[in-house]
Amino acid sequence: ERFRREATHAAGLSHPNIVAIFDRGEADGSYYIVMEFVEGINLEELLLLQKSIPWQQSCDFIRQAALGLAAAHAQGLIHRDVKPGNILLENGIERVKLSDFGLARAVDEPGVTQAGLIPGTPEFMSPEQVEGRRADRRSDLYSLGAVLYTMLVGQPPFANGTPPEIMQKQRFGRFDPPRNYVPEIPSWLDDITCQLLEKSPEKRLPDAYVASRRLLEVIKKVELKNSTVPGSDAETRLDGPVAPGRLGATLVRDLVRAQSARN
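Residues numbered from 1 in each chain as written. Predicted model: local features only at pLDDT ≥ 70, side-chain atom pairs only at ≥ 80, totals over all residues. Heavy atoms only, no water.

A. Quick look at a nonpolar patch on the surface. A cluster of nonpolar side chains, Phe22, Tyr32 and Val34, forms an exposed patch at the surface whose accessible area comes to about 290 Å². Among the secondary structure elements, Val34 is positioned in strand E2 (residues 30-35). (Patch = residues over 30% accessible without salt bridge, like charges linked within 9 Å, V, L, I, M, F, W, Y side chains within 5 Å. Areas by Shrake-Rupley, 256 points an atom, 1.4 Å probe, with all protein chains shown as cover. Salt bridge = Lys/Arg side-chain N within 4 Å of Asp/Glu carboxyl O. Helix = DSSP H or I, 4+ residues; strand = E, 2+ residues; numbered from the N terminus.)

See the structure below:
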């Protein structure tokens, strides 16, 4: 039933930052989904190859993932399992695609989870998921914040311990801000990360689109600070696309090559 729901939910989503579903069906008693092939690696694989990601690229990766979440949320769909393994990095261009809606559910839809099973991945679960409360859009934002923290610092905010211990830390634990580990992270980005990871959903950013806008502002502020041309586009626009840079394209491409060589 969860598999069928994934196909149904994801098939209704059309966005550049979400893996496209083309078809679904059943054959000889087995269900199948036909989806877009994304050439490249996922964020989990990237973090295995490189412990942490430069903050500029981390910011843009999460900005794009937030846009994908905003599109899903606009359709009334909560992902519930945002983690590095479900964030795909398309090779050759700076594009992130959100995948795996297997745990997703509609806002007004009853659950089909096995009794006693809490869906999600402990290191990236929101406190309300751990407590078995109904997850909403802000729960996905907490998970997104945990992914951003992992990219910046090189490990999740709560990483050491058994799954039950980590889940308890999600509820009651405190983490050190990213700048404690990486001082060059801008204070704006540090603040956004910590706000996404607030224990109380009411204290987090209100929605994924606002999160994407805030992250874009970080990028544009840095562009403006580094710009030496008065009146430049970077100085006046905060809503335009981030220009493709060498960092993202070469980072993914070179690491894919390194992974292939090791294999």
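B. Quick peek at the packing of aromatic side chains. The tally for this structure, following the rule as stated, stands at 2 aromatic pairs. Aromatic side chains Phe158 and Phe175 sit 6.1 Å apart centroid to centroid with 75° between the ring planes, which places their arrangement in the edge-to-face category. Residue Phe158 is located in the loop between helix H5 (137-153) and helix H6 (163-172), and its partner Phe175 is located in the loop between H6 and helix H7 (187-196); the two are separated by 17 residues in the primary sequence. Residue classification places Phe158 among the buried residues on the basis of a relative accessible area of 4%. (Phe/Tyr/Trp six-rings, centres within 6.5 Å; stacked < 30°, edge-to-face > 60°. Buried < 20%, exposed > 50% of the residue type's maximum accessible area, 1.4 Å probe, protein only.)

C. Quick peek at the sheet that holds strand E5 (residues 87-90). If you trace the 3 strands from one edge of the open sheet to the other, you get E3-E5-E6, paired in antiparallel fashion. Two strands close off the open sheet at either side, each with one partner strand: strand E3 (40-42) and strand E6 (95-98). The sheet shows a mean angle of 25° between the axes of neighbouring strands, taken without regard to direction. Note that E5 and E6 share 4 bridges and pair antiparallel. Its bridge partner being in E6, Leu89 is matched across the sheet by Val96. (Pairing = 2+ DSSP bridges. Axes fitted to C-alpha atoms, helices over the stretch in contact; angles between N-to-C directions.)

D. Main features of the pattern of salt bridges. In this structure the tally under the stated criterion is 9 salt bridges. Its salt-bridge partner being Arg204, residue Glu128 comes within 2.8 Å of it at the nearest N-O pair. With a gap of 76 residues between them, Glu128 in helix H4 (residues 127-130) and Arg204 in the loop between H7 and helix H8 (208-226) connect regions that are remote in the sequence. No difference in accessibility class separates Glu128 from Arg204, as the two residues are buried. The residue Arg133 makes a salt bridge to Glu131 at a minimum N-O spacing of 2.7 Å. The exposure class of Arg133 is partly exposed, given its relative accessible area of 44%. One connected set of salt bridges, linked through shared partners, spans Glu131, Arg133 and Arg171.

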